[in-house]
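# Coordinates in review
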Amino acid sequence: MSAAGLAFAQDVTTENVANASTNHDQVVVTASRREETLVETPIAVSAYGGEQLREANIQTFPDLVTQSPNVHFGFNGNNTNIAIRGIGTNLQGISSDPGVGFHVDGAYVADPGLALATLFDVKRVEVLRGPQGTLFGRNATGGAVNIISNTPTDDPEFGLSASAGLPAGEHVEGFASGPISGDGTLLGRIAFEQTYRRGDVKNIAPTGPRRLNDKNDFAGRLQFEWRPTDTFSARILGQYQESNTAGAPYYYAGQVAHDLPVPLEDTFMAKPGDSEIAVNQGEVKLMEWSTGLFWDWDIGFGSLSGTVTRRESENSRIVDGDGTAVQYIDYDRFVKRETTTAEILFSSDDSSRLTYILGANYYDDSAYAEGFTIVPFVVPFPIGNPNTVDTESYAFFGHAKYEITPAWKIFGGARYTKDKKQDTQLSVAGAVTAETAMDWSKPTFEVGTSYDFGYNRTGYVKYATGFKGGGFNNNSTFEPESNSMWELGLKGSYFDGLLTGNLALFRMNYENLQVYQIRFTVEDGSGSSVTNAAQATINGAEAEFALHLTPEFTLKLDGGWLDATFNNFITGDPARESLGDLDLSGNRLPNAPKFMVGIEPKYNTPLANGGELNLGVRFDWKSTVYFSEFNLPEVSQGPAGRLNAYANYTLPNGKWQVGLYGRNLTDSAAYGSGLVYSTVLNSMAAGTLQPSREFGIQVNYRY
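Calculation criteria
Residues numbered from 1 in each chain as written. Predicted model: local features only at pLDDT ≥ 70, side-chain atom pairs only at ≥ 80, totals over all residues. Heavy atoms only, no water. Helix = DSSP H or I, 4+ residues; strand = E, 2+ residues; numbered from the N terminus. Rg over C-alpha atoms; globule rule 2.2 N^0.38 Å. Contact = heavy atoms within 4.5 Å. Areas by Shrake-Rupley, 256 points an atom, 1.4 Å probe, with all protein chains shown as cover. Lys, Arg positive; Asp, Glu negative; His and termini not counted. Charge placed at Lys NZ, Arg CZ, Asp CG, Glu CD. Phe/Tyr/Trp six-rings, centres within 6.5 Å; stacked < 30°, edge-to-face > 60°. Buried < 20%, exposed > 50% of the residue type's maximum accessible area, 1.4 Å probe, protein only. Lys NZ or Arg CZ within 6 Å of the ring centre and 35° of its normal. Pairing = 2+ DSSP bridges. pLDDT = per-residue confidence, 0-100. Patch = residues over 30% accessible without salt bridge, like charges linked within 9 Å, V, L, I, M, F, W, Y side chains within 5 Å. Salt bridge = Lys/Arg side-chain N within 4 Å of Asp/Glu carboxyl O. Core = buried A, V, L, I, M, F, W, Y, C linked by side-chain atoms within 4.5 Å. Polar contact = N/O pair within 3.5 Å; in protein donor to acceptor, adjacent residues only side chain to side chain.

On to the overall build of the protein, then. The secondary structure content of the protein amounts to four helices and 43 strands. The C-alpha radius of gyration of the protein comes to 25 Å, within 12% of the 27 Å expected for a compact globule of 703 residues. Its C-alpha atoms put the protein at 75 × 60 × 55 Å along the principal axes. Within the protein, residue pairs in contact and separated by at least 24 positions form 66% of the contacts whose partners lie at least 6 positions apart. When the accessible surface of the protein is split by element, carbon and sulfur atoms take 58% of a total near 28000 Å². Taken together, the 52 basic and 81 acidic charged side chains of the protein have centroids lying 2 Å from each other.

Inspection of the secondary structure puts Ser 305 in strand β20 (residues 302-320). As a C-alpha pair, Ser 305 and Pro 601 span 296 residues in sequence and 41 Å in three-dimensional space. Other than its neighbours up to four places away in sequence, Ser 305 contacts Trp 295, Asp 296, Glu 343, Ile 344 and Leu 345.

Time to look at the packing of aromatic side chains. In this description, an aromatic ring pair is defined by two values, namely the gap between the centres and the angle between the planes. Throughout the structure, instances matching the rule amount to eleven aromatic pairs. Ring centres of Tyr 463 and Trp 486 lie 5.0 Å apart, and the angle between their planes is 55°; this geometry places the pair in the tilted category. On the criterion of sequence distance, the pair formed by Tyr 463 in strand β26 (residues 457-468) and Trp 486 in strand β29 (residues 481-494) is long-range, its members being 23 residues apart. Of the residues examined, Trp 486 reaches a relative accessible area of 52% and is grouped as exposed. In textbook terms, an aromatic cluster arises when at least three aromatic residues are bridged by ring pairs, as seen for Phe 158, Trp 656 and Tyr 701. The residue whose ring lies beneath Arg 85 is Phe 506, and the NZ or CZ to ring-centre distance is 3.7 Å. Across from the ring centre of Phe 120, 4.3 Å away, lies the NZ or CZ of Arg 221, which sits over that ring.

Consecutive residues of a regular strand have side chains that alternate between opposite faces of the sheet. Of all the 14 residues making up β29, eleven are buried; the element is thus mostly covered by neighbouring parts of the structure. Bridge analysis of β26 against β29 gives twelve bridges, and the strand direction is antiparallel. Within the sheet, the bridge partner assigned to Thr 458 lies in β29 and is Lys 491. One ladder, built from 13 bridges, connects β29 with strand β30 (residues 499-517); its direction is antiparallel. Residue Trp 486 lies in a different strand from β30, and its bridge partner there is Arg 507. Between β29 and β30, which pair antiparallel and follow one another directly, the connecting turn spans four residues, one of which, Phe 495, has a positive phi of 55°.

Attention now goes to the confidence of the model for the protein. Of all residues in the protein, 90% attain a pLDDT of 70 or more, and the chain-wide mean is 87. The model gives residues 1-25 a pLDDT under 50, and that stretch makes 29 contacts with residues more than four places away or in other chains.

Residue Pro 167 follows Leu 166 across a cis peptide bond; omega there is 0°. When you line up the elements, Pro 167 lands in the loop between β10 (157-166) and β11 (169-179). Positive phi, normally seen in glycine, also occurs at Arg 85, with a value near 55°. Residue placement: Arg 85 occurs in the loop between β5 (79-84) and β6 (100-104). Non-glycine residue Asn 512 carries a positive phi angle of around 55°. Checked against the element boundaries, Asn 512 lands in strand β30. Judged by its relative accessible area of 32%, Asn 512 is partly exposed.

Moving on, we get to a nonpolar patch on the surface. Residues Ile 180, Leu 186, Ile 190, Leu 222, Phe 224, Trp 226, Ile 236, Leu 293 and Val 308 make up a contiguous nonpolar surface patch of about 770 Å² in total accessible area. Inspection of the secondary structure assignment puts Leu 293 in strand β19 (residues 282-298).

Looking now at the sheet that holds strand β18 (residues 276-277). The strand order across the open sheet formed by three strands is β14-β13-β18, and the pairing between neighbours is mixed. Each of the sheet's edge strands pairs with one partner strand only, and the pair in question is β14 (211-212) and β18. Sheet topology note: the strand β13 (residues 201-203)/β18 ladder contains two bridges and is parallel. Among the inter-strand pairings, Lys 202 is bridged to a residue of β18, identified as Glu 276.

Right, let's talk about the environment of Gln 690 for a bit. Structurally, Gln 690 is set in the loop between β42 (684-689) and β43 (694-702). Setting aside residues no more than four positions away along its own chain, Gln 690 makes contact with His 72, Phe 73, Arg 642, Ala 670, Tyr 671 and Gly 672.

Moving on to the sheet that holds strand β9 (residues 143-149). Judged by pairing direction, the sheet is mixed, and its five strands sit side by side in the order β3-β8-β9-β6-β7 without closing on themselves. Each of the sheet's edge strands pairs with one partner strand only, and the pair in question is β3 (45-49) and β7 (107-108). In the sheet, β6 pairs with β7 via two bridges, with the strands oriented antiparallel. Bridged to Val 104 within β7 is Ala 107.

Side chains bearing opposite charge may pair, as long as their charged atoms lie close to each other. All told, the structure shown has 30 salt bridges when counted by the stated rule. With a shortest N-O distance of 2.4 Å, Arg 227 and Asp 154 are connected by a salt bridge. Pair noted here: Arg 227 is in the loop between β15 (215-226) and β16 (232-245) and Asp 154 is in the loop between β9 and β10, with a separation of 73 residues, a long-range link. With a relative accessible area of 26%, Arg 227 lands in the partly exposed category. Between Asp 620 and Arg 618 there is a salt bridge whose closest N-O contact spans 2.9 Å.

Attention shifts here to the side chain of Gln 239. Looking at where Gln 239 falls in the secondary structure, it is placed in strand β16. Given the relative accessible area of 13%, Gln 239 is considered buried. Contact partners of Gln 239, with chain neighbours within four places excluded, come to Phe 120, Gly 220, Arg 221, Glu 288, Trp 289 and Ser 290.

One finds Tyr 251, Ile 277, Tyr 510, Leu 513, Ile 538, Phe 566 and Leu 589 to be the most contacted residues of the largest nonpolar core, which totals 37 residues. The element best represented in this core is β30, accounting for five residues. For Tyr 510, the residues in contact, after removing those within four places along its chain, are Ile 87, Thr 141, Gly 142, Glu 481, Ser 482, Asn 483, Ala 534, Gln 535, Ala 536 and Ile 538. Formed by 24 residues, the second largest nonpolar core is a distinct cluster that contains Tyr 48, Phe 73, Ile 82 and Ala 248.

This part is about the pairing of strand β25 (residues 432-452). Two elements, strand β24 (residues 408-426) and β25, share 19 bridges in a ladder whose sense is antiparallel. Bridging from a neighbouring strand, Ile 410 pairs with Thr 449 of β25. In this antiparallel pair of consecutive strands, β24 and β25, the connection spans five residues, and Gly 430 shows a positive phi of 100°. As judged from the seven bridges shared by β25 and β26, these two strands associate in the antiparallel manner. When the bridges of β26 are listed, Val 447 appears paired with Tyr 463. Where β25 hands over to β26, the hairpin turn is made up of four residues, of which Gly 454 adopts a positive phi near 80°.

Let us look at the side chain of Arg 588. Assignment of secondary structure puts Arg 588 in the loop between β34 (581-583) and β35 (595-606). No salt bridge is formed by the buried Arg 588; its nearest oppositely charged neighbour, Asp 563, is found at 4.4 Å. Side-chain polar atoms of Arg 588 contact the backbone oxygen of Ala 592, separated by 2.7 Å. Contact partners of Arg 588, with chain neighbours within four places excluded, come to Leu 562, Asp 563, Ala 564, Thr 565, Phe 566, Pro 593, Lys 594, Tyr 626, Glu 629 and Asn 631.

Structure below.
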């Protein structure tokens with residue numbers, strides 16, 4: 001590498017190298033709850049700016065996460081699974097918490113379906129890897145995703161973007177921002193987004209939706225910010241979003257119990273990649289509105305900030321679970337949530353050698369769910385009962401950093417979390433049939449040290465712990481999950497700025513790892529449960545590099561390696577009950593491919609007429625990923641890649657831009673999620689696919 005660096009350096013001027021290095025150093029993140037550059041933040045984090053997302057025409061979170069090492073995204077209907085370093089949740093019931101925390105403008109989002117929200121008018125998206133047991137919202141054992149919205153601006157700004165593509169669809173997004181009052185003390189911002197896409201899979205069955213894989217989304221946000229003095233500001237926000245589609249089709253993937261008959265062998269079964277399927281139903285709806293109050297007060301020796309949010313959402317899905325026109329397995333599920341969060345933070349003045357953050361937060365969530373599974377071949381009526389889960393949580397936390405020398409720092413933090421949940425089982429008529437209440441508490445912490453080696457290079461080592469609460473199955477409870485992690489990281493630039501990169505090595509140990517299983521029984525109507533694996537260990541490595549070969553050409557390389565296995569886990573397979581208890585020690589964790597690799601050449605150059613040309617291609621590849629702890633081939637996706645590209649031309653005035661984009665250009669038909677039904681449903685396997693090929697043209701205007 002040194003020889004290569006010397007050779008490359010001969011072709012790169014000192015000025016250009018300095019610019020490349022400076023740009024890397026100036027990437028600002030708030031992963032530590034302060035604004036810090038990416039290089040000096042001792043956290044494994046990937047950051048994506050709003051301009052970067054717009055340049056590549058990235059409109060949704062699933063379009064983005066393929067670019068982050070050791071991050072996997074899948075969904076069933078509008079239930080999502082964000083897995084970081086092998087930790088997530090396959091399907092999300094209202095009683096269990098995700099292993100990855102999802103935050104919008106600092107507020108924890110309880111409904112995982114909202115992770116499918118569009119990334120409209122965002123300033124930055126941060127993906128934090130590893131346990132977040134100190135500073136963020138609710139504890140998370142796998143990582144956290146932070147979406148930071150654009151806020152009102154001092155100067156008037158206006159923007160509008162429109163794109164059209166194939167399959168037939170359109171996307172329109174716009175914003176307006178600036179001062180409202182003459183003295184500039186009152187500012188405002190309004191933004192909206194509308195997406196329509198005709199589904200690329202045609203339904204040939206006589207009933208159900210005509211097309212699947214469609215989009216019909218709208219979102220809007222209104223903000224006002226008041227700045228009465230130079231030391232105080234307050235901002236209020238209101239947001240609404242809705243989605244109404246047929247959803248993604250489920251494809252029949254085989255049977256894991258080969259001694260059982262194939263119940264649908266005489267029925268048309270589509271294969272992944274087919275343009276036609278036969279399903280009898282499909283409807284996925286999402287509605288969410290939220291309000292928030294955010295304030296900051298500079299009190300001289302530090303600052304006080306606070307957040308209060310209120311969020312209400314409705315999430316429903318009616319899907320054909322077997323992917324055929326036969327009404328064999330149909331789901332009808334509805335979830336309604338009301339969530340309130342509040343947080344207060346004190347941040348010390350960052351000019352002293354000792355800096356610290358103290359905070360407290362409160363979380364209250366009330367979720368109601370009703371769902372029915374229609375299985376006419378097994379029983380002649382729908383099965384399933386509604387329930388409500390009320391969750392109350394509070395936490396106190398602190399984090400400090402001390403500068404021993406200008407280069408050497410030590411840091412640490414601690415958090416105490418108290419969770420309380422109550423599950424109320426209801427009859428179909430709404431009468432209370434059973435109530436269960438549980439509470440859990442846990443201290444978590446992190447300690448570490450970092451060192452500035454000079455030449456824009458920082459290394460760190462830390463030990464951190466994480467925790468997430470337990471919950472309820474239909475007739476039982478499951479225990480909290482906890483983990484600990486060692487992490488060694490190195491960030492910065494090399495060869496006089498020719499190469500910039502982030503490296504991380506880690507080892508995580510899990511106790512009572514929560515694992516989702518489908519356990520459909522006719523007797524009590526239950527459809528799923530969460531069980532605790534005794535122990536699991538995850539070793540891994542992550543690398544993100546940018547090679548600045550010329551002032552115009554940059555080659556980005558990133559990758560991840562995971563050795564994620566169960567140490568001690570004995571459980572029965574609901575789809576293969578005749579086998580009894582199975583020892584899963586050594587099996588890979590679900591949603592944890594062993595290898596992930598990404599390569600992205602980018603070319604940006606000014607033109608003679610004063611315009612600018614931007615070209616980019618990205619290829620992401622993953623090794624085999626299992627969607628079940630049993631590592632069954634019917635519930636997995638073999639090695640697969642995904643190719644995206646874009647080309648943008650910015651006009652000489654800098655206000656107009658026109659571009660072309662393409663996603664999944666090779667039209668790879670890769671499963672993003674999979675599940676297996678229990679023996680009573682003939683142990684059928686089914687899965688949904690990652691988004692199919694799409695390409696189009698976009699036009700942007702900025703003033």
